[in-house]
Amino acid sequence: MLKVNSIHTLPPEVINHIAAGEVVERPANLVKELIENSLDAGADKIEMHFSEGGRFVQIKDNGCGIKDSELNLALSPHSTSKIASLKDIWVINSYGFRGEALASIAEVSDLTLVSKPENQKQAARLKSEFGKKTSVESIGSEKGTTIIVKNLFQNTPARLKFLKSESAETTVIKNTLKAMALPRPHVEFRVLYKNKLLFYWPGSKNLQKRAEEILSLENTFYTKTKYQDINLEAVLCAPNNTVSNRRQMWFFVEGRWVEDATLYSAVMSAYRGLLMHGEYPIVVLNLSCRKEDLDVNVHPAKSKIRFRNSSPVFKAVHNSLRAVLEKALWLEDKKQKSSVSDIKKETELSFPGEVFQQTQFQEKKYKAKGFYLDEPVKSSPLGSRGKDLGNLKNHNQYKDTTSVADTVRNMKITPDTKGDKGDSTSLLEAHKVESQNYWSSLHVLSQAHLTYIIAQTRSSLIFIDQHAAHERVLYERLMFSWNKGKGEIQSRLVPLALDLDASLVTALLSVQKELLKIGVEIELSGPDGVVIHSAPPILKDVALQKSLVQLADEIKSLGGSFAIEKKISDLCASMACHSAVRAGQALSKEEMKELLAQMDEFPLSSFCPHGRPVFVEYPLSRLERDFGRKV
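Residues numbered from 1 in each chain as written. Predicted model: local features only at pLDDT ≥ 70, side-chain atom pairs only at ≥ 80, totals over all residues. Heavy atoms only, no water.

J.: What's the story with helix H8 (residues 261–270) in this structure? I'm lost.
T.: For an α-helix the count is 3.6 residues per turn, leaving residues at separations of three or four pointing the same way. Most of H8 is tucked away, with seven of its 10 residues classed as buried. When we look at burial in H8, the residues that qualify are Thr262, Leu263, Tyr264, Ala266, Val267, Ser269 and Ala270. Buried residues belonging to H8 abut strand S12 (249–253), strand S14 (283–288) and helix H9 (310–325). One side-chain oxygen of the residue at the start of H8 lies 3.1 Å from the amide nitrogen of threonine 262, identifying that residue as aspartate 260. (Buried < 20%, exposed > 50% of the residue type's maximum accessible area, 1.4 Å probe, protein only. Helix = DSSP H or I, 4+ residues; strand = E, 2+ residues; numbered from the N terminus. Contact = heavy atoms within 4.5 Å. Polar contact = N/O pair within 3.5 Å; in protein donor to acceptor, adjacent residues only side chain to side chain.)

Written out as structure tokens, the structure reads:
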């Protein structure tokens with residue numbers, strides 16, 4: 001039976017231990033709090049020494065310092081120079097503001113605080129042994145503050161017991177240090193671990209350079225945008241440079257390292273259709289907004305925030321990142337290296353009529369998501385010479401032998417006749433970015449295994465997955481039709497029936513208007529089915545029916561919270577997958593060239609809608625090395 005005691009006030013030491021448990025959960029939290037104090041003091045040089053998994057930490061800065069008369073107060077609970085009244089909580093301009101960090105750390109460690117403001121003759125020192133302070137004494141020291149923490153959690157065995165191994169705690173501290181340095185390029189960080197230099201990040205004014213330096217990145221892309229009252233700068237990597245977890249997605253709001261579902265969703269939405277399952281992008285976001293639109297007083301560790309309105313935040317991040325990704329800047333270098341005229345001058349390798357049907361790839365892994373093979377290509381003897389590719393359709397393992405050329409004829413977009421001068425301009429042409437015709441400039445050699453188009457640039461062989469490439473083309477056309485609401489519609493003489501249970505019928509009818517934008521017109525035919533009156537001519541009946549059933553299932557399970565664009569995008573991806581030219585389908589050289597030309601119409605043609613790579617590049621330098629022509 002629970003014993004009922006009278007209500008009483010907790011002793012100060014218990015209160016302080018509770019506060020310490022919230023603020024200093026592990027050594028990495030201590031490091032974060034102390035560095036934020038240095039930044040709030042205006043420091044642009046921070047030096048840190050640590051060991052024992054963070055149970056020993058020394059941080060020295062060149063900030064404004066603390067007056068000797070205020071040292072005792074600095075180690076007292078709820079004492080701060082950063083806010084003065086209730087209204088200040090809603091317009092916080094500093095990283096710290098609770099007045100708990102130093103007091104909490106002093107309560108669970110052997111702490112020494114040394115500080116000297118610029119106008120003070122000597123520095124002052126105060127020691128606190130697990131909350132018991134000594135008197136302030138004068139010593140010699142430079143301007144700024146030095147804090148030494150020893151024997152962390154020595155007086156709290158329960159907390160000490162829950163620490164991870166030294167190497168594990170050290171790893172978390174390293175990650176925290178990166179987070180502290182990333183959004184502040186102007187601050188110089190020098191970090192020593194066990195008296196050996198671990199990190200040195202000199203100050204700079206460039207977020208991109210700082211991100212590349214700290215995260216060991218190359219070929220990153222930078223964007224800076226403003227949307228309403230939101231300012232955003234971001235450094236991101238191409239979708240062919242990913243990781244297997246979300247730990248390389250760094251979010252900063254007003255310089256604070258935070259976890260936020262809105263920011264995460266916006267980034268993943270921007271990369272939609274460019275990542276395979278289990279892949280995550282590498283992104284650094286630094287966002288600022290009006291102080292009154294942001295609540296940072298959510299969690300003692302200040303790792304969580306709350307936006308007054310998350311919708312513009314989502315749009316700012318999504319639109320900014322998507323605009324960069326849709327330029328496909330990672331292909332720029334390849335475009336410069338591929339000149340079909342130069343290739344033909346150097347060597348003539350057209351091999352008419354050869355099909356490498358038995359080519360097999362031994363791939364231990366993709367480098368940069370499959371753009372370079374780590375292992376050399378090993379192929380069996382070539383197929384017989386002199387056969388015409390068009391006659392090889394008898395070898396097709398699929399019953400459907402529709403050529404790419406036939407499909408291309410059915411992929412026209414309705415002209416837009418609303419120009420100022422009444423000109424009939426293709427919507428697709430208006431959608432194109434400035435293209436350098438990378439794909440169509442490739443020198444097409446042949447087809448491998450009735451699946452891969454083999455092409456050549458001046459410096460490499462390119463293997464293009466014909467199904468994935470065509471899938472992206474179809475997907476982009478369908479999505480463009482949906483966005484503009486002007487897709488080509490082919491009415492059916494006999495409506496196509498689709499039998500579903502009542503709940504799925506209701507789900508499908510809820511997006512009836514959106515489906516019409518991509519040319520799919522459906523109508524209720526009873527409690528257990530719908531009929532399809534029209535659809536884009538590029539879609540086959542089986543693909544259309546299967547995709548609509550999948551869409552209905554998704555709407556039913558995810559409900560209205562799931563964005564309609566995501567639903568339509570998934571539907572278009574599914575339709576494109578089922579309608580694209582198949583692996584194992586023979587193509588003539590003209591059909592292969594036509595497909596490559598269509599890839600140039602869309603900047604993201606190097607990925608299928610499901611994020612799978614469309615091509616693999618095999619450098620000729622590797623080929624020459626494998627044959628012993630070069631060492």
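J.: What am I meant to see in the nonpolar core here?
T.: Considering soluble globular proteins, one finds that nonpolar side chains tend to be buried as a cluster. Leu321 and Ile464 are the most contacted members of the largest nonpolar core, which totals 57 residues. The dominant element in this core, judged by the number of residues it contributes, is H9, at six residues. With 53 residues, the next largest nonpolar core counts Ile35, Leu102, Ile173 and Val235 among its residues. (Core = buried A, V, L, I, M, F, W, Y, C linked by side-chain atoms within 4.5 Å.)

J.: Help me understand the sheet that holds strand S10 (residues 221–227), please; the structure alone is not making it clear to me.
T.: The pairing of strands in a sheet comes from backbone hydrogen bonds and takes either a parallel or an antiparallel form. Spatial ordering of the open sheet is given by S10-S11-S14-S12-S13, a layout of five strands whose pairing is mixed. Looking at strand neighbours, the two that pair on one side only are S10 and strand S13 (256–257), the edges of this open sheet. Pairing geometry for S10 and strand S11 (residues 230–236), over seven bridges, is antiparallel. What sits directly across from tyrosine 227, in S11, is isoleucine 230. (Pairing = 2+ DSSP bridges.)

J.: Quick question: what am I supposed to make of the packing of aromatic side chains here?
T.: A ring pair, where both rings are aromatic, is described by two values, the distance of the centres and the angle of the planes. Going through the model one piece at a time under the given rule, you end up with eight aromatic pairs. With 6.0 Å between their ring centres and 70° between their planes, tryptophan 330 and phenylalanine 607 make a pair best called edge-to-face. Separated by 277 residues along the polypeptide, tryptophan 330 in the loop between H9 and helix H10 (332–337) and phenylalanine 607 in the loop between helix H19 (589–599) and strand S26 (615–619) bring together distant segments of the chain. Grouping aromatic residues by their ring pairs yields a cluster made of Phe189, Phe199 and Trp201. Here arginine 159 stacks its cationic end above the ring of phenylalanine 153, 5.7 Å away from the centre of that ring. (Phe/Tyr/Trp six-rings, centres within 6.5 Å; stacked < 30°, edge-to-face > 60°. Lys NZ or Arg CZ within 6 Å of the ring centre and 35° of its normal.)

J.: Would you mind going over a negative patch on the surface with me for this structure?
T.: Taken together, the side chains of Asp499, Asp501, Asp528 and Asp553 define an acidic patch exposed on the protein surface. By the element assignment, aspartate 501 lies in the loop between strand S23 (490–499) and helix H15 (502–509). (Patch = residues over 30% accessible without salt bridge, like charges linked within 9 Å, V, L, I, M, F, W, Y side chains within 5 Å. Areas by Shrake-Rupley, 256 points an atom, 1.4 Å probe, with all protein chains shown as cover. Salt bridge = Lys/Arg side-chain N within 4 Å of Asp/Glu carboxyl O. Lys, Arg positive; Asp, Glu negative; His and termini not counted. Charge placed at Lys NZ, Arg CZ, Asp CG, Glu CD.)

J.: In this structure, what is going on with unusual backbone geometry? I would like to understand it.
T.: Note on backbone geometry: most residues besides glycine have negative phi, and most peptide bonds are trans. In this model, phenylalanine 130 sits at a positive phi of 55°, which is unusual for a non-glycine residue. Here phenylalanine 130 shows up in the loop between strand S4 (123–129) and strand S5 (132–133). Despite not being glycine, asparagine 195 has its phi angle at roughly 65°, a positive value. Positionally, asparagine 195 belongs in the loop between strand S8 (188–193) and strand S9 (196–201). The exposed category is assigned to asparagine 195, whose relative accessible area is 67%.

J.: How should I be thinking about the sheet that holds strand S25 (residues 529–535) in this particular structure?
T.: Across the sheet, three strands lie side by side as S23-S25-S24; this open sheet has antiparallel pairing. Sheet topology places S23 and strand S24 (521–526) at the edges, where each strand pairs with a single neighbour. Neighbour to neighbour, the strand axes of the sheet diverge by 25° on average, direction disregarded. Alignment of S24 against S25, held across five bridges, turns out to be antiparallel. Bridge assignment links glycine 526 to a residue of S25, and that residue is glycine 529. (Axes fitted to C-alpha atoms, helices over the stretch in contact; angles between N-to-C directions.)

J.: Help me understand the pairing of S26 in this model?
T.: Residues in a regular strand project their side chains so that they alternate between the two faces of the sheet. Summarising burial for S26: five of the five residues are buried, a large majority. Side chains of S26 alternate between two faces, with Phe615, Glu617 and Pro619 and Val616 and Tyr618 buried alike. Here strand S22 (residues 460–465) pairs with S26 via five bridges, running antiparallel. In the strand pairing of S26, isoleucine 462 is matched with glutamate 617.

Structural measurements only, silent on function.
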